[in-house]
Amino acid sequence: MNDHRRNYVLLFIDTVLFMNAMTFLSVNAVISYFLATLGANTFEIGLVNALVSVGSFVSQPFFAKKVMNLTHKAKVFVRILFTQRMIFFVFVLTIPLFAEAHPKLMVVLFLVCWAVFNLFVGSYGPFFMSLFAKMVAESARGRLRGFSGGAASLLALGSAALCGILLNEVPYPYNYTLIFAIGVILLLLDVLTFAMMKEIEPDVVTKADFNYFQYFKAIPEMFREFKAYGRMVIGFSFTVAAQAGLAYYTLYAVRAFEAGSTVVALFTGITGLANIAGSILFGIMADRIGHRHVLVMSSAAGGLACLLIVLFPSLGMVYAAFALTNLCIIGYNLSGGILILEQLPRERSPMGISINAMITLCVSSIVMIGSSWLADSISFEAVFLIAGLSGVAGAVIIRSGGKRPPPPPKPRRVLLNLRASVREHLYKTVGRCP
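Note on numbering: residues in each chain are counted from 1, in written sequence order. Per-residue local features are limited, in this predicted model, to residues with pLDDT of at least 70; the limit for side-chain atom pairs, both in listing and counting, is 80 or more; totals at the level of whole chains, interfaces and linings are taken over all residues. Only hydrogens and water are removed before side-chain values are computed, so all heavy atoms of the structure are retained for them.

**Brief notes about the confidence of the model for the protein**
Point 1. Scored by pLDDT, the protein comes out at a mean of 83, with 89% of its residues at no less than 70.
Point 2. As a per-residue quantity, pLDDT reports the predictor's confidence and falls between 0 and 100. In this description a helix means any DSSP run of H or I spanning at least four residues, a strand means any run of E spanning at least two, and both kinds are numbered starting from the N terminus. For the protein, the element scoring lowest by mean pLDDT is helix α18 (residues 411–430), at 45; helix α9 (residues 174–196) scores highest, at 95.
Point 3. Residue contacts follow a heavy-atom distance rule, with two residues in contact if any of their heavy atoms lie within 4.5 Å. This model gives residues 403–418 a pLDDT under 50, and the stretch forms seven contacts once residues within four places in sequence are excluded.
Point 4. Across residues 421–434 the pLDDT falls below 50, and counting only partners more than four positions away or on other chains, this stretch makes seven contacts in the model.

What follows is the structure, given as structure tokens:
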């Protein structure tokens, strides 16, 4: 097996392992239900989602600088991932000690360890997308992300079923200990895929030496230099805001419709089914009609999800919203980073990906924290209404902004261009044109 095929297969396996791991560590299903069982309030549950954004936001400048200074990135990425996942594994071992005896302490301990875990998440975008751009041809990127996501989601149905069995059959708190442990073990296996990758050639880098202040100062300069990229980041921010409703679907179902553990497990299954369909469909569409169209449709799906709950409140609409918002997430994750790669020169793409992550994570944090206040002070419907309108706005902005790659030339046009080039060359060399 040559190195190109080897890396392609390993990137496929990485997606399968990572998505199944996150089924066991699902923020919006398993973790939310775990915290609700511990007696966590709405703010604390909303904070779990916000910490995903805050942790990545804080660490983005460090990891962006690190990536831009490395000619070979895989080995450093392996060390970062291994450290992150071993720290969280140690936390999982504390669940049997504190969950029953000291539930409030368990909530605090989880939030602290989750915050540390997500500091390392800031490395995902710059490192992964740099390796992805280096190892996968442009014509195959959508299908690789789509087919690997579809296969991962298909296997995740089994993972979701296993989550439901463990929640119901294993005594508390050992059920959550086992579920989280399986998730972390899968993440550690995922580290091995990057350890086995072969970087075929070194990247040409210009040494980047900037501090936090200089990093933030570079953001408006990037927007002025690449105006289409700036509009795209604004659209992505609205798309991310549309995903905020997903954090509250489980809690809304529990409080409004008295949903139990079986319903929570079903939410995880719906996530898997939506991801299978969305990954395969969006992957094929991305390579055929472009990543921009995928992002428009995914943002619109996120907006529609929340508006359906507002207009037709029922448990069935919560199921539908869960599916549509997951389509929004899978489309954004599949095509967002790749569209940035298409908009920027390769040497500027790590910075562009990092800036987009910084801004969208900041928006996500504000929306999550504000949503928890809205849910308690007004209603869940207010949260869903704002998220729904954000999805619609994101679809409009993404559709209207940014440069479009030129269509591939037709064969006859290629021959005419070749003939014109030959004629021009002869004219310059012999002084006449045939």
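Still more ground to cover, so stick around.
**Digging into unusual backbone geometry**
Point 1. The linkage connecting Tyr172 with the following residue, Pro173, adopts the cis geometry, with an omega of 5°.
Point 2. With respect to the helices and strands, Pro173 occurs in the loop between α8 (141–169) and α9.

**Quick word on the packing of aromatic side chains**
How two aromatic rings sit relative to each other is set out by the distance from centre to centre and by the angle between their planes.
Point 1. Only Phe, Tyr and Trp rings take part, Trp by its six-membered ring, and two of them pair if their centres are within 6.5 Å. Stacked means planes under 30 degrees apart, edge-to-face means over 60, and tilted covers everything else. Counted by the stated rule, this structure contains 26 aromatic pairs.
Point 2. On the numbers, 5.0 Å between centres and 75° between planes, the contact of Phe77 with Phe194 is edge-to-face. Remark: Phe194 occurs in helix α9 and Phe77 occurs in helix α4 (residues 74–92); sequence separation between them is 117 residues. Phe194 matches Phe77 in its accessibility class, with the two residues each being buried.
Point 3. Site record: aromatic cluster; members linked through ring pairs are Phe34, Phe88, Phe91, Phe110, Trp114, Phe117, Tyr172, Tyr176 and Phe180.
Point 4. Against the face of Phe132 rests Arg145, its NZ or CZ located 5.4 Å from the ring centre. Exposed residues in this analysis have more than 50% of their type's maximum accessible area, buried residues have under 20%, and partly exposed residues fall in between, with area computed by a 1.4 Å probe over protein chains only. To sit over a ring, a charge needs its Lys NZ or Arg CZ within 6 Å of the ring centre and within 35 degrees of the ring normal.

**A short note on the pattern of salt bridges**
Point 1. Put simply, a salt bridge is a Lys or Arg side-chain nitrogen that is within 4 Å of an Asp or Glu carboxyl oxygen. A full pass over the atoms with the stated rule returns three salt bridges.
Point 2. Where Lys134 meets Glu199, a salt bridge forms, and the shortest distance between an N and an O atom there is 2.9 Å. Of this pair, Lys134 sits in helix α7 (residues 124–135) while Glu199 sits in the loop between α9 and α10 (212–225), and the two are 65 residues apart along the sequence.
Point 3. On the basis of relative accessibility, which here comes to 16%, the residue Lys134 falls in the buried class.

**Observations regarding the environment of Gly370**
Point 1. Along the chain, Gly370 turns up in helix α16 (residues 349–377).
Point 2. As a C-alpha pair, Gly370 and Phe43 span 327 residues in sequence and 9.4 Å in three-dimensional space.

**Considerations on empty space enclosed by the protein**
Point 1. Whether a set of points on the 1 Å grid over the protein atoms alone is a cavity depends on a 1.4 Å probe fitting there but being unable to get out, while an open set qualifies as a pocket with protein on both sides within 12 Å along at least five of seven lines; lining residues are those with an atom within 4 Å of a point. Grid points are joined across faces, edges and corners, and a volume is the space filled by probe spheres set on the points. According to the stated counting rule, one finds two cavities of 30 Å³ or more in the structure shown.
Point 2. In this structure, the second largest cavity is lined by Ser32, Ala36, Ile45, Thr250, Leu251 and Val254.
Point 3. Contributing elements (two or more residues each) for the lining of the second largest cavity: α2 (27–38) and α12 (246–257).
Point 4. With three residues, α12 is the single largest residue contributor to the lining of the second largest cavity.
Point 5. Residues are sorted three ways: Asp, Glu, Lys and Arg are charged, Ala, Val, Leu, Ile, Met, Phe, Trp, Tyr, Cys and Pro are nonpolar, and all the rest, Gly among them, are polar. Residues of the lining of the second largest cavity, tallied by class, amount to four nonpolar, two polar and no charged.

**Some thoughts on the side chain of Ser153**
Point 1. With respect to the element layout, Ser153 can be found in helix α8.
Point 2. With residues up to four places along the chain from it excluded, the contact list for Ser153 reads Met19, Gly272, Asn275, Ile276 and Ser279.

**Topic: the packing of helix α3 (residues 42–68) against α10**
Point 1. It is at 10 Å that the axes of α3 and α10 come closest, and there the two elements cross at 95°. Of the possible angle classes, the one that applies to α3 and α10 is roughly perpendicular. Together, Phe57, Val58, Ser59, Gln60, Pro61 and Ala64 of α3 and Tyr212, Tyr215 and Phe216 of α10 make up the contact between the two elements.
Point 2. Here the contact of α3 with α10 is composed, by residue class, of seven nonpolar, two polar and no charged. Lines are fitted to the C-alpha atoms to define the axes, a helix being fitted only along its stretch in contact, and any angle between axes, read from their N-to-C directions, falls within 0 to 180 degrees. The cut-offs work like this: below 35 degrees is roughly parallel, past 145 is roughly antiparallel, 65 to 115 is roughly perpendicular, and the gaps in between are oblique.

**As for the nonpolar core**
Point 1. Nonpolar cores were defined as sets of buried Ala, Val, Leu, Ile, Met, Phe, Trp, Tyr and Cys residues, with membership established by side-chain atoms within 4.5 Å. The biggest cluster of nonpolar side chains holds 119 residues, and the ones touching the most others in it are Leu35, Phe110, Phe180 and Tyr249.
Point 2. If we skip the residues at most four places from it in the chain, Leu35 touches Ala40, Ile45, Val48, Val107 and Phe110.

**A look at a positive patch on the surface**
Point 1. Patch building starts from residues that exceed 30% relative accessible area and form no salt bridge, then joins like charges within 9 Å and nonpolar side chains (Val, Leu, Ile, Met, Phe, Trp, Tyr) within 5 Å. With residues, only the protein chains shown are counted as cover, and all accessible areas are computed by Shrake-Rupley using a 1.4 Å probe. Charged residues are defined narrowly, with Lys and Arg counted positive, Asp and Glu counted negative, and His plus the chain ends left uncounted. Charge positions are represented by NZ for Lys, CZ for Arg, CG for Asp and CD for Glu. A cluster of basic side chains, namely Lys66, Lys75, Arg79 and Lys198, defines a positive patch on the protein surface.
Point 2. Tracing the sequence through the fold places Lys66 in helix α3.
Point 3. Given a relative accessible area of 36%, Lys66 falls into the partly exposed group.

**Regarding the environment of Ser379**
Point 1. Here Ser379 lies in the loop between α16 and α17 (380–400).
Point 2. Overall, the relative accessible area of 21% leaves Ser379 in the partly exposed class.
Point 3. Between the alpha carbons of Ser379 and Tyr252 there is a distance of 9.7 Å; along the sequence they are 127 residues apart.

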